[in-house]
Amino acid sequence: MWDDAFPSFLIGLREGLEAGLIVSILVATLVRAEARSRLPQVWTGVLAAIAVAMSFGAVLTFTAASMPQTAQEAFGGVLSVIAVAFVTAMVFWMRRSARNLSSELKQKVTGALAMGSGMLVLTSFLAVGREGLETALFLWTTAQAAGESASPLTGAAIGLVLAAGLCWGLYRRVLKINLTKFFTATGVVLIVIAAGVLGYGLRDLQEGGVLPGRTAYAVDLAGSIDAGSWYSTLVQGVFNLMPTMTWLQVVAYVAYLAVVMTLFVRGVRVTAPKARPEPEPEPESATQRSADGSGDGSAEGSGEGSAAPKPATARCRPVWVVPAAVVAVPAVVAGLFVALGRPKPAGDQTVAVSETDCGKGFTAPEPGRQTFQMHNTGRQASEVYLVDPSTDAVYGEIEGLAPGTTRDLVATVAGGTYAWRCVPASGKAVTSKAVTVTGGGAAKPVAPVSEQDLAAPLKSYKAYVGKGLDTLAGQTRTLQHDIEGGHLGKARTDWLTAHRTYASLGAAYGTFEDFDKKIDGRADGLPGGERDKDFSGFLRLEYGLWHGGSAKELTGPARQLSADVAGLGKAFPSQDFDPGDLPLRAHEILENTLQFELTGDTDEGSGTNLATADANLAGTRELLTVLKPLLTDRAPKVLPAVGTDIDRVQKLLDAQHDGGHWTPVEKLSDADRRRLDGATGQLLEDLAPIPDLLEIRKSA
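In this report, the structure presented in the accompanying data block is examined. (Residues numbered from 1 in each chain as written. Predicted model: local features only at pLDDT ≥ 70, side-chain atom pairs only at ≥ 80, totals over all residues. Heavy atoms only, no water.)

### Description of the overall build of the protein chain
And step 1. A tally of helices and strands in the protein chain yields 21 helices and 13 strands.
And step 2. Expressed as a percentage of its 700 residues, the buried residues of the protein chain come to 48%.
And step 3. Contacts in the protein chain between residues far apart in sequence, at least 24 positions, make up 78% of those at least 6 positions apart.
And step 4. About 32,400 Å² of surface is accessible on the protein chain, with carbon and sulfur atoms providing 59% of the total. (Helix = DSSP H or I, 4+ residues; strand = E, 2+ residues; numbered from the N terminus. Buried < 20%, exposed > 50% of the residue type's maximum accessible area, 1.4 Å probe, protein only. Contact = heavy atoms within 4.5 Å. Areas by Shrake-Rupley, 256 points an atom, 1.4 Å probe, with all protein chains shown as cover.)

Listed below in structure tokens is the structure:
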């Protein structure tokens, strides 16, 4: 998409034009000096610079990929800030140097000619290398911001190709560009883009835990701006301005833009009266040599004369050796750097997993991020945990390792005691012999959760549900009486009240066993659809109340609903509620909401899916309240982020009802629907770690 591609296009165009102009001036200087035989040395230096830049980009990419998520955030944030510093220095340098670039480079080439071929290679390498490294770093940071999109690389490629065409046109004098004005205009745009990259980088540092203020939002427009609209994606892609930004991001963005833009514009105004058009490189025709070109020629003549009488053996080396070397060496060095930087298998042997012999082959690893090769030698699928046997804290895990298979388990190891715990599908857990690791470093395990830890939250939640069922029983009796008395208008109002109560109790994935299907089951799959005799509960009544059903026709379903709710109220205290399922509900309730309510899939005529979604959100709040003590100890950053997400979804839902009237899902504007889906999706993403954080893991 153009919004992600534009910043990279601009940096590719500008940096490519800078590097291209440098190469053009170098080539033109040698041509005017009648030293065409030295051109391969220039191209060798250029090739080396390109190889180093590409190798640098590879190191950034593969090194970051091997890091933990929080380390990736911090790494990306640091490099984003460095990229901003490089780009800022680059725009000021080119503004200052554009008019004198040609003469400075000619002087360097003249000196290099006198000193031999190696200096000419070095001169071209240094002249182009800086641009290449800047380009690689800036492209990496913009690609990180764009996620999996290939747009940044596409934009950069287009910019570089266009820059190459412009440089060729300037060299051949088929184009005339005021380069001072060009670099000034693009400098202004790049300063604005760099301000956004700075904000994005600081956000990464906050996400990585390096900087504070991750949930201290100065701007939160997610409820009023459609994040999926063309204008929003354009602003986000080009300027890295998000609907939600922290105070640190906003202050840094404004301060950088104010200070840097002021200095840049003031510098342009001061130097503007002295500005002259950039002299384009001279073409290859000898008739267009200038006086300064003749001087270059005389210098070259002396240089060539001193270097000419070389023995014949000096030319025995193939011409491709040096270019091949300057490409191969950076690639090899980058490959070694990546290989050494990636997590290594912890030992030469794989670690065995079985029902009887867990951890065979396990020896004390070195501190740091390690990859363990886990091989299941047993007859059952098994879960595998790397634990501290004294506390049961978990450092890494694999679920469902099938017999005869091998999978990698990546974990960060620091000083301490470690052991493997193998939990077969059936049977007892087996814990290996412990080993001790010495050394520094830091590793953050997941604190163990037992059934006892979840006992108090489960008791509180069951009390909440029990109280809600008592309320629901009275509400469904009222609904039954409305219908029996023929008060269908009042029945519609009371139906919504009762249904919202039920939806707030977290009836997700079999919480109430078979009662849920009776009370809130859908007509999907029934032979007769909405008219099927087995279609019952709230949705059956909804269909009848909003499709002209008579009181006589609806009396039976209303009585049945009331009886089923009463039956659930009696059965719930003795129902089997696995404590380990409680953390799952924090994610599953709203997963149901996104799948059924926000699609309108369960609407039987009332158009109140958003009211149901609102009740689901209330149920999720209650779950998080009872789980708060456990989450605060294990992941203190999760709840503030989730709380912000919930408030955002709540605000969007509140905007869609007026008293008892709710906007039907199908009547939402495209923008409102995308905002609501996006905010709910973000909430689900932030809720996703909770089941893993509070998972009950079997101990020995």
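### Notes on helix α19 (residues 638-654)
And step 1. Taking 1.5 Å of rise per residue, 17 residues should cover 24 Å, and α19 covers 24 Å from first to last C-alpha, within 8% of that figure.
And step 2. Burial within α19 is extensive, with 12 of its 17 residues counted as buried.
And step 3. All of the buried residues in α19 are V638, L639, A641, V642, T644, D645, I646, R648, V649, Q650, L652 and L653. (Expected span 1.5 Å × (residues − 1).)

### Details of a negative patch on the surface
And step 1. A cluster of acidic side chains, namely E451, E513, D514, D576 and D578, defines a negative patch on the protein surface.
And step 2. Mapped onto the fold, D514 is located in the loop between α13 (488-503) and α14 (515-520). (Patch = residues over 30% accessible without salt bridge, like charges linked within 9 Å, V, L, I, M, F, W, Y side chains within 5 Å. Salt bridge = Lys/Arg side-chain N within 4 Å of Asp/Glu carboxyl O. Lys, Arg positive; Asp, Glu negative; His and termini not counted. Charge placed at Lys NZ, Arg CZ, Asp CG, Glu CD.)

### Some words on the packing of helix α12 (residues 451-484) against helix α16 (residues 551-571)
And step 1. Between α12 and α16, whose axes approach to 9 Å, the crossing angle comes to 165°. As far as their axial angle goes, α16 and α12 are roughly antiparallel. Once α12 is placed against α16, the crossing between them reads as left-handed. Between α12, through L469, L472, A473, T476, R477, L479, Q480, I483 and E484, and α16, the contact on the second element is made entirely by A551, L554, T555, A558, R559, L561, S562, V565, L568 and G569.
And step 2. The class makeup of the residues in the contact of α12 with α16 is 11 nonpolar, 5 polar and 3 charged. (Axes fitted to C-alpha atoms, helices over the stretch in contact; angles between N-to-C directions. Parallel < 35°, antiparallel > 145°, perpendicular 65-115°, else oblique. Left-handed = near helix turned anticlockwise from the far one by under 90°. Nonpolar A, V, L, I, M, F, W, Y, C, P; charged D, E, K, R; others polar.)

### Concerning the pairing of strand β5 (residues 368-376)
And step 1. As defined by bridge partners, strand β4 (residues 351-353) adjoins β5 across 3 bridges and the pair is classed as parallel. Counterpart to A352 in the pairing with β5 is H375.
And step 2. Summarising the sheet, β5 and strand β8 (residues 406-413) pair through 8 bridges and their orientation is antiparallel. Paired with H375 across the strands is T406, a residue of β8. (Pairing = 2+ DSSP bridges.)

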